[in-house]
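# Inside the fold
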Amino acid sequence: MIKKEDILNYLKVKDDPTVDPPRDFKILKTNGEKLRFCMENYPSLWSNKNPRFAFQNDNTSMNARKEGNIKFKESNYVKAFELYNKSLSYATVGSENIPLCYANRSAVYFNAGLFKFCLENVDLALQNGYPEHLKHKLEKRRKECLEKMNKNRDKSCQEVPPLQLSYPAKAKNPFIIDGLDLLTSEESGKFIQTKQDLFPGDIIMIEKPYVTKLDPGFEYTMCNNCLLQKSILRNIRIIKSASNYFCKKVY
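Residues numbered from 1 in each chain as written. Predicted model: local features only at pLDDT ≥ 70, side-chain atom pairs only at ≥ 80, totals over all residues. Heavy atoms only, no water.

### Here's the deal with the confidence of the model for the protein chain
Should the pLDDT be low somewhere, the predicted coordinates at that spot are not to be read in detail. Going by this rule: Confidence per residue, as judged by the predictor, is encoded in pLDDT with a range of 0 to 100. Put simply, DSSP H or I for four residues or longer makes a helix, DSSP E for two residues or longer makes a strand, and each gets a number counted from the N terminus. Residue contacts are defined here by distance: any two heavy atoms, one from each residue, within 4.5 Å place the two residues in contact.
The share of residues in the protein chain with pLDDT of 70 or more is 73%, and the mean pLDDT across the chain is 78. When pLDDT is averaged over each helix and strand of the protein chain, the minimum, 56, is found for helix α1 (residues 4–13) and the maximum, 93, for helix α4 (residues 58–73). Between residues 231–240, whose pLDDT stays under 50, and residues either more than four places distant or in other chains, the model counts 50 contacts.

Take a look at the structure:
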């Protein structure tokens, strides 16, 4: 069995090419497997007591939620949504800010006409200990959502269509159109040559990046995995971070 000290030492020196990771850890193939292994076997690595993840602070969370309430009253729903997500990120486990933020987000979605997402956040608020004396407000919002959804007024079902190649793909390399060839010459090195006319706006190649990172300013409104702006951003905290949001479980 791999020892905790081994994984701790590996995490500290993983940038040193002269140090090999532990054997049991090394045989894992994907980043998801490695992350899951660490989280399942060494939960203390991700504990709030670990100084590497000491960002969580209920005062910061509460202040962000209050700022979100101000923006909500100003009908600035986008900024309110961002601040509520920030509040969720900084909230400690069991904090009252968590159900209150989900309830606040449900109000944002309701006013934006995103009724499906409103209902999901109503459920999240109730599942995370929303105050008993306020539950009647959420139940009223749920009822109003269902009434509007029955009238086909829900905007949350408008998904962003996936990118598609503008022309047929290569059989062996389906991420690139068949009309392109990768060639090599002594003068130019490697280059791509087209066998057909192409036009501005054509999508000729779709390749998933190995590494992605959101620019500052988008961390509370966009998914850190697919990079799309999502209406239902659940802070799963797969990695303890004040700015990692995912629209679904990614491992």
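### Observations regarding the packing of α4 against helix α6 (residues 97–112)
Any two packed helices are characterised by the angle at which their axes cross and by the distance between the axes. The criterion, for reference: Lines fitted to C-alpha atoms define the axes, with helix axes restricted to the stretch in contact, and inter-axis angles between N-to-C directions lie between 0 and 180 degrees. Oblique is the label for any angle not under 35 degrees, not over 145, and not in the 65 to 115 range, which are roughly parallel, roughly antiparallel and roughly perpendicular in turn. Two helices crossing with the near one rotated counterclockwise from the far one by less than a right angle form a left-handed crossing, whereas a clockwise rotation gives a right-handed crossing. Asp, Glu, Lys and Arg are counted as charged, while Ala, Val, Leu, Ile, Met, Phe, Trp, Tyr, Cys and Pro are counted as nonpolar; the rest, among them Gly, fall into the polar class.
Relative to each other, α4 and α6 sit at 20°, their axes nearing to 11 Å. Considering their axes alone, α4 and α6 lie roughly parallel with respect to each other. Judged by the twist between their axes, the crossing of α4 over α6 is left-handed. Only N97, L100, C101, N104, A107, V108 and N111 of α6 make contact with α4, whose side of the interface consists of D58, S61, M62, R65, N69 and F72. Of the residues belonging to the contact of α4 with α6, the class tally is six nonpolar, five polar and two charged.

### Re the environment of S87
Put simply, the rule reads: Only protein chains enter the accessibility calculation, which uses a 1.4 Å probe. A residue is then buried if its area is under 20% of the maximum for its type, exposed if over 50%, and partly exposed in between. Pairs of N or O atoms are called polar contacts if they sit within 3.5 Å, as long as, within protein, a hydrogen donor faces a hydrogen acceptor (for residues adjacent in sequence, only side-chain-to-side-chain pairs).
Following the sequence through the fold, S87 ends up in helix α5 (residues 77–90). Taking the relative accessible area as the measure of exposure, S87 reaches 0% and is therefore buried. When the C-alpha positions of S87 and A64 are compared, they lie 5.1 Å apart, and in sequence the two are 23 residues distant. When near neighbours in sequence (up to four residues on either side) are disregarded, S87 contacts S61, M62, A64, R65, N97 and C101. One polar contact links the side chain of S87 to the main-chain carbonyl oxygen of S61, over a distance of 2.6 Å.

### Details of the side chain of R141
Which entries qualify depends on this criterion: Counting rule for charge: Lys and Arg are taken as positive, Asp and Glu as negative, and neither His nor the chain ends is counted. Salt bridges are identified by distance alone: a Lys or Arg side-chain nitrogen within 4 Å of an Asp or Glu carboxyl oxygen.
Residue position: R141 is located in helix α8 (residues 135–150). Here R141 sits buried without a salt bridge, and the closest side chain of opposite charge, E144, lies 6.0 Å off (N-O distance). At 2.8 Å, the side chain of R141 and the side chain of S106 are in polar contact. With residues up to four places along the chain from it excluded, the contact list for R141 reads A103, S106, A107, F110 and C118.

### What to know about α8
Convention followed: A helix is expected to reach a length of 1.5 Å times the quantity of its residues less one. Working definition: the arc comes from the directions between the helix axis and the C-beta atoms, pointing outward to the latter.
The end-to-end C-alpha distance of α8 is 23 Å, a good match for the 22 Å that 16 residues give at a rise of 1.5 Å each. Listed in full, the buried residues belonging to α8 are L138, R141 and C145. For α8, the angular spread of buried residues about the axis comes to 60°, placing them on one side. Structural note: α8 exposes H136, K140, K143 and N150 on the side pointing more than 90 degrees away from its buried face. For α8, the elements touching its buried residues are α6 and α7 (115–127). Immediately downstream of α8, the backbone of N152 shows phi near 60°, a positive value.

### Some remarks on the packing of aromatic side chains
Selection rule: Aromatic contacts are taken between Phe, Tyr and Trp rings whose centres are within 6.5 Å, Trp giving its six-membered ring; a plane angle under 30 degrees counts as stacked, one over 60 as edge-to-face, and the others as tilted.
Scanning the model with the defined rule gives four aromatic pairs in all. A centroid spacing of 5.6 Å and a plane angle of 65° characterise the contact between F110 and F115, whose relative ring orientation is edge-to-face. When sorted by exposure, F110 lands in the same class as F115, which is buried. What links up through ring pairs into an aromatic cluster is the set F81, Y109 and F117.

### Things to note about a nonpolar patch on the surface
Put simply, the rule reads: Exposure above 30% relative accessible area and no salt bridge define the residues that can form patches, which grow by joining like charges within 9 Å and nonpolar side chains of Val, Leu, Ile, Met, Phe, Trp and Tyr within 5 Å. The protein chains shown are the only cover counted for residues, whose accessible areas, like all others here, come from Shrake-Rupley with a 1.4 Å probe.
Judged by side-chain polarity, F175, L182, I192 and M205 come together as a nonpolar surface patch covering roughly 370 Å² of accessible area. You can see M205 is positioned in the segment after β2 (189–194).

### Observations regarding the packing of α6 against α7
Look at α6 against α7: their axes get within 8 Å of each other, and the N-to-C directions meet at 165°. What the angle tells us is that α6 and α7 run roughly antiparallel. Considering only the axes of α6 and α7, their crossing is left-handed. Contacts from P99, Y102, A103, R105, S106, Y109 and F110 in α6 reach F115, F117, C118, N121, V122, L124 and A125 in α7. Of the residues assigned to the contact of α6 with α7, the class counts are 11 nonpolar, two polar and one charged.

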